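One letter stands for each residue in the lines below.
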Amino acid sequence: MDRCIYGCSAITLFFLLLTASALEPGHHNVTGSGQINSNSVLVALLDSRYTELAELVEKALLLQTLEDAVGRHNITIFAPRNEALERDLDPDFKRFLLQPGNLKSLQTLLLSHIIPKRVASNQWPDENSGRVKHVTLGNDQVLHLTQLKGTNGKRLVNSAVITRPDDLTRPDGLIHGIERLLIPRSVQEDFNRRRSLRSISAVLPEGAPEIDPRTNRLKKPASAAVPAGSPPVLPIQSAMAPGPSLAPAPAPGPGGARKHFNGDAQVKDFIHTLLHYGGYNEMADILVNLTSLATEMGRLVSEGYVLTVLAPNDEAMAKLTTDQLSEPGAPEQIMYYHIIPEYQTEESMYNSVRRFGKVKYETLRFPHKVGAKEADGSVKFGSGDRSAYLFDPDIYTDGRISVQGIDGVLFPEEEEETVKKSTGSAKKVVQPRRGKLLEVACRMLGAIGKDSYLSRC
């Protein structure tokens, strides 16, 4: 699972810190302050054959949580073999777990493999005792331990076979090797909901809500003049799954009132994800501190719109000049051009440019559109020096807001052409063009040797 691309340095540092703490006099496996030493079950996990699980624990930011748990009591870890996480796991589910927006699901899944007590193999229920339930460190998740009859003592945790009982034992806990990953029902349901959103493929762009040029704020969306009882007008999408509508999407509730989403909470969630993901702090700072865009986006989502944010990374934002940001409303105008009023994922945009070639998406900076095309196996936005590639796909996707990381700041093509014309006009020399009548006259005078009569011949 992309071994040692993410997290290996952090795991090594954590291991060294624990080892250093063991060298200090007076430290035991567990002290009153919760410190642990190199003989801990956590160190054994980080330095064991279960490298895939150890990397997931680090990516899920659970090292401190587990250290606190070991400081309070013994733990039992059910560790899937590496093959179960590398080759046997559904690739889509693996990508789902590693997306920053799904951190809680990954934490719940991993904590569901840990029991906050010591359960050795000799403490397993026998064949006649039935199954025994144990609460895990996960959110209200439980594990059932059983022993199959007539199988020479084969032990199970839920439906997974214990392949290496008591594989690693330490004073503060132990590790059992199991054949496969244990997936809680809540995590599976969350994955199924997210996967249903991926049915969006090759969605053609549609119209955008308008921006008031005087206030740089979103205009109130006008209600569509559709006769009562008429079916909604859908865009023509040949051989494609229909995409989400850009009109306020929620259907009326049982009492006839239109359902509203908590847009502010969703915007805060995606900004928090940007900060946690890393490399997009400047974008988050502009949304929250320099502009009122976070509030505007929250209101838009609450009214039923869906949004796709093309987020330039910190390296791209650092290239912006003071002149580009000093004009009144400039930060808002730049950001509005990076917000598409429809729900697009990396897959849907790539399918779209593959199918239609060049695609232009409406933006909140009306009437400017951002162009996209396929390039180098990815999606390329804009053209020339102001282009940007889709760099970090699907940083955040919740069905209402989609965040796609790009490696450049985009500007409308009209502005680029104006800049090029203003910089190149001084060097361009325009040659006068002779009219047809003057050209014929010069030819006739030249035939009789009198062409010097006209100075322009």
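In this text the structure is predicted, and so the values were computed from the model without any measurement.

Undergrad: Break down the overall build of the protein for me, citing the residues and quoting the values.
TA: Secondary structure summary: the protein contains 17 helices and 16 strands in total. Taking all 457 residues of the protein together, 46% fall into the buried category. Counting only carbon and sulfur atoms, one obtains 52% of the accessible surface of the protein, whose full area is about 24400 Å².

Undergrad: With reference to specific residues and values, describe the sheet that holds strand E5 (residues 155-157).
TA: Ordered by their spatial adjacency, seven strands build an open sheet running E2-E1-E7-E6-E5-E4-E3, and the pairing between neighbours is mixed. Of all strands in the sheet, those bounded by a partner on one side alone are strand E2 (114-115) and strand E3 (132-135).

Undergrad: Could you give an account of empty space enclosed by the protein, with specific residues and numbers?
TA: Under the definition given, this model contains three cavities of 30 Å³ or more. Here the largest cavity is characterised by a volume of approximately 60 Å³. Contributing elements (two or more residues each) for the lining of the largest cavity: helix H3 (51-59) and helix H7 (103-111).

Undergrad: Describe the environment of asparagine 281, listing the residues and the values that go with them.
TA: Of note, asparagine 281 is situated in helix H10 (residues 281-290). With a relative accessible area of 38%, asparagine 281 lands in the partly exposed category.

Undergrad: Explain the nonpolar core to me, using residue names and the numbers behind them.
TA: Counting residues in each nonpolar core, the largest one holds 34 residues, and the members touching the most others are Leu53, Ile75, Ile77, Phe93, Leu97, Leu110 and Ile175. When residues of this core are traced back to their parent elements, those giving at least two are helix H2 (41-46), H3, helix H4 (63-72), strand E1 (75-80), helix H6 (91-98), H7 and helix H8 (185-197). Considering each element in turn, this core owes the most residues, five residues, to H2. Counting residues in each nonpolar core, the second largest holds 32 residues, with Leu274, Val301, Ala311 and Phe411 among its members.

Undergrad: Give a description of the packing of aromatic side chains that names residues and reports values.
TA: Each aromatic ring pair is characterised by the separation of its centres together with the angle its planes make. Summed over the entire model, instances satisfying the criterion amount to six aromatic pairs. Chaining the aromatic ring pairs together yields one cluster made of Phe93, Phe96 and Phe191.

Undergrad: Tell me what's going on with the pattern of salt bridges, and back it up with residues and numbers.
TA: Per the stated rule, a full pass over the model turns up seven salt bridges. A salt bridge links arginine 49 to aspartate 167, with the nearest nitrogen and oxygen atoms 3.2 Å apart. Of this pair, arginine 49 sits in the loop between H2 and H3 while aspartate 167 sits in strand E6 (residues 160-170), and the two are 118 residues apart along the sequence. Three or more residues are tied together by salt bridges with common partners; here these are Glu296, Arg299 and Glu303.

Undergrad: Talk me through the side chain of threonine 345; I want residue IDs and the actual numbers.
TA: Summarising the element assignment, threonine 345 is placed in the loop between strand E11 (339-340) and helix H15 (346-356). Among the residues examined, threonine 345 registers a relative accessible area of 6% and is labelled buried.

Undergrad: So what's going on with H15? Which residues, and what values?
TA: Turning to H15, its buried residues number three or more, namely Ser348, Met349, Tyr350, Ser352 and Val353. Looking at the buried residues of H15, the elements they touch are strand E12 (359-362), strand E13 (369-375), strand E14 (378-381), strand E15 (388-397) and strand E16 (401-406). Positioned one or two residues after H15, glycine 357 has a phi angle of 80°, which is positive.

Undergrad: Please provide a residue-by-residue account of the packing of H3 against H7, values included.
TA: Here H3 crosses H7 at 135°, and the two axes come no closer than 10 Å. If you check the angle between H3 and H7, you find them oblique. Regarding H3 and H7, the two cross each other, and that crossing is left-handed. Contact residues: H3 offers Leu53, Leu56, Val57 and Lys59, while H7 offers Leu103, Leu106 and Leu110. Partitioned by chemical class, the residues of the contact of H3 with H7 number six nonpolar, no polar and one charged.

Undergrad: Would you mind going over the pairing of E12 in detail, with residue names and values included?
TA: Of the pairings in the sheet, the one linking E12 to E13 comprises four bridges and is antiparallel in character. In the sheet register, lysine 360 faces E13, and the bridge partner there is glycine 371. The turn joining E12 and E13, which pair antiparallel and follow one another in sequence, is formed by six residues.

Undergrad: An account of the sheet that holds E12 is needed here, citing residue identities and associated values.
TA: Taken in spatial order, the seven strands of this open sheet run E11-E10-E16-E15-E14-E13-E12, and their pairing is mixed. Because the sheet does not close on itself, it has two edges, and the strands there are E11 and E12. Its contacts with the sheet put helix H9 (residues 263-277) on strand E10 (307-312), E15 and E16, and the angle it makes with E15 is roughly 125°.

Undergrad: Which residues make up the confidence of the model for the protein, and what are the values?
TA: Overall, the prediction assigns the protein a mean pLDDT of 74, with 67% of residues at 70 or greater. Low confidence marks residues 222-259, where pLDDT is under 50. Its contacts with residues over four positions away, or in another chain, come to 40 contacts. Scored below 50 in pLDDT, residues 416-437 makes seven contacts in the model with residues more than four places away or belonging to other chains.

Undergrad: Give me the lowdown on H3, citing residues and values where you can.
TA: Burial analysis of H3 places eight of its nine residues in the buried class, the great majority of the element. Where H3 is concerned, the buried positions are Glu52, Leu53, Ala54, Glu55, Leu56, Val57, Glu58 and Lys59. Of the residues flanking the end of H3, it is leucine 61, one or two places downstream, whose phi is positive at about 60°.

Undergrad: Any details on unusual backbone geometry? Residues and values, ideally.
TA: Between phenylalanine 366 and proline 367 the backbone carries a cis peptide bond, its omega angle lying at 5°. For proline 367, the position within the fold is in the loop between E12 and E13. Despite not being glycine, leucine 61 shows a phi value in the positive range, around 60°. Note that leucine 61 resides in the loop between H3 and H4. Positive phi values are uncommon outside glycine, yet asparagine 158 reaches one of about 55°. Here asparagine 158 lies in the loop between E5 and E6.

About the criteria used
Residues numbered from 1 in each chain as written. Predicted model: local features only at pLDDT ≥ 70, side-chain atom pairs only at ≥ 80, totals over all residues. Heavy atoms only, no water. Helix = DSSP H or I, 4+ residues; strand = E, 2+ residues; numbered from the N terminus. Buried < 20%, exposed > 50% of the residue type's maximum accessible area, 1.4 Å probe, protein only. Areas by Shrake-Rupley, 256 points an atom, 1.4 Å probe, with all protein chains shown as cover. Pairing = 2+ DSSP bridges. 1 Å grid on protein atoms, 1.4 Å probe; cavity = no way out; pocket = protein on both sides within 12 Å on 5 of 7 lines; lining within 4 Å. Points joined across faces, edges and corners; volume = space filled by probe spheres on them. Core = buried A, V, L, I, M, F, W, Y, C linked by side-chain atoms within 4.5 Å. Phe/Tyr/Trp six-rings, centres within 6.5 Å; stacked < 30°, edge-to-face > 60°. Salt bridge = Lys/Arg side-chain N within 4 Å of Asp/Glu carboxyl O. Contact = heavy atoms within 4.5 Å. Axes fitted to C-alpha atoms, helices over the stretch in contact; angles between N-to-C directions. Parallel < 35°, antiparallel > 145°, perpendicular 65-115°, else oblique. Left-handed = near helix turned anticlockwise from the far one by under 90°. Nonpolar A, V, L, I, M, F, W, Y, C, P; charged D, E, K, R; others polar. pLDDT = per-residue confidence, 0-100.

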